[in-house]
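Listed below are the residues making up each chain.
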Amino acid sequence: MNLGELIVDFRIKAQDTARPYLWPDKEVAPWFAEAESEASVRARLINDTAELTVSIGDTVIDLPSGLFDIQYAELRAADGTAYEIVGATRRELDKFRPGWRTRSERPREYVHDDKTLTLGSVADAGYTLYLDFFRLPAASLSNTNDEPEIHEIHHLNLVDWVLFRAYGKPDADTFNPGKSKEAEAAFVSYFGKRSNADIRRKQNANRPHRNAVHT
């Protein structure tokens with residue numbers, strides 16, 4: 001479904017089919033973009049991979065736009081050897097690898113910040129950093145012919161988030177906390193609850209370590 005079709009479905013469910021609309025299109029469209037992002041984070045719907053360049057002496061790498069959860073990471077040396085690197089916290093590295101911030105060696109861990117990845121040591125050579133991760137939609141819904149990036153099987157469930165936002169708008173003609181709460185509950189039931197940033201960081205840092213070296 002495209003954005004225009006989703007808005008029509010919203011208006012039918014909200015009984016807002018007569019002009020002038022209670023909620024104009026310019027107000028509803030951003031809520032659908034917001035809904036897709038929320039769904040993508042909660043249900044981890046968009047999986048992607050990337051290969052980034054790590055140069056000798058590097059310590060911080062810029063991450064792909066929209067990345068929020070790293071599933072797997074490895075450094076690929078010039079000779080083709082691949083070394084898995086695992087998530088950690090700065091506190092763990094300070095405890096188990098003192099001096100990691102200035103030591104030059106092949107990184108074995110990384111710290112995932114919001115938009116960057118800090119290597120667990122100063123890169124001693126050039127590598128290719130391979131990442132497998134979950135991310136947000138690459139483009140925000142804005143035009144009526146735009147289609148959500150998430151699979152079409154989920155599209156109609158995005159309407160629940162828009163109903164939640166619409167009925168939650170502080171307006172004398174539209175505010176309905178009961179319907180807003182009901183719509184939010186339906187969205188959560190389908191896509192799940194949103195983890196806060198601290199929980200996501202801990203989950204990533206505590207992902208099971210395999211410590212494997214591939215050739």
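The model shown is predicted, which means the values in this text are computed figures rather than measured ones.

Colleague: Quick one: what's the story with the side chain of Arg135, residue by residue and with numbers?
Modeller: Following the sequence through the fold, Arg135 ends up in strand S10 (residues 127-135). At 2.8 Å, the side chain of Arg135 forms a polar contact with the side chain of Asp48.

Colleague: Run through the pairing of strand S3 (residues 67-76), naming residues and quoting values.
Modeller: For S3, the tally of buried residues reaches 8 of 10 residues, placing the bulk of the element in the interior. Sheet topology note: the S3/S10 ladder contains 8 bridges and is antiparallel. Residue pairing in the sheet places Ile70 in a bridge with Phe133 of S10. Where S3 hands over to strand S4 (residues 82-84), the hairpin turn is made up of 5 residues, of which Gly80 adopts a positive phi near 95 degrees.

Colleague: An account of the packing of aromatic side chains is requested, with residue identities and associated values reported.
Modeller: Each aromatic ring pair is summarised here by two numbers: the centre-to-centre distance and the angle between the ring planes. Tallied over the entire structure, the rule returns 7 aromatic pairs. Pairing Phe187 with Phe191 gives two aromatic rings, centres 4.7 Å apart and planes at 45 degrees, and the pair type is tilted. You can see Phe187 and its partner Phe191 sitting in helix H5 (residues 177-191), 4 residues apart, about one turn around the helix. Here the two residues Phe187 and Phe191 agree in accessibility, since each one is buried. Between Tyr190 and Phe191, the ring centres sit 4.7 Å apart and the planes meet at 80 degrees, which makes this aromatic pair edge-to-face. Given the relative accessible area of 3%, Phe191 is considered buried. Grouped by ring-pair contacts, the aromatic residues Trp161, Phe164, Phe187, Tyr190 and Phe191 constitute a single cluster.

What counts as what
- Residues numbered from 1 in each chain as written.
- Predicted model: local features only at pLDDT ≥ 70, side-chain atom pairs only at ≥ 80, totals over all residues.
- Heavy atoms only, no water.
- Helix = DSSP H or I, 4+ residues; strand = E, 2+ residues; numbered from the N terminus.
- Polar contact = N/O pair within 3.5 Å; in protein donor to acceptor, adjacent residues only side chain to side chain.
- Buried < 20%, exposed > 50% of the residue type's maximum accessible area, 1.4 Å probe, protein only.
- Pairing = 2+ DSSP bridges.
- Phe/Tyr/Trp six-rings, centres within 6.5 Å; stacked < 30°, edge-to-face > 60°.

Purely geometric numbers; function is a separate question.
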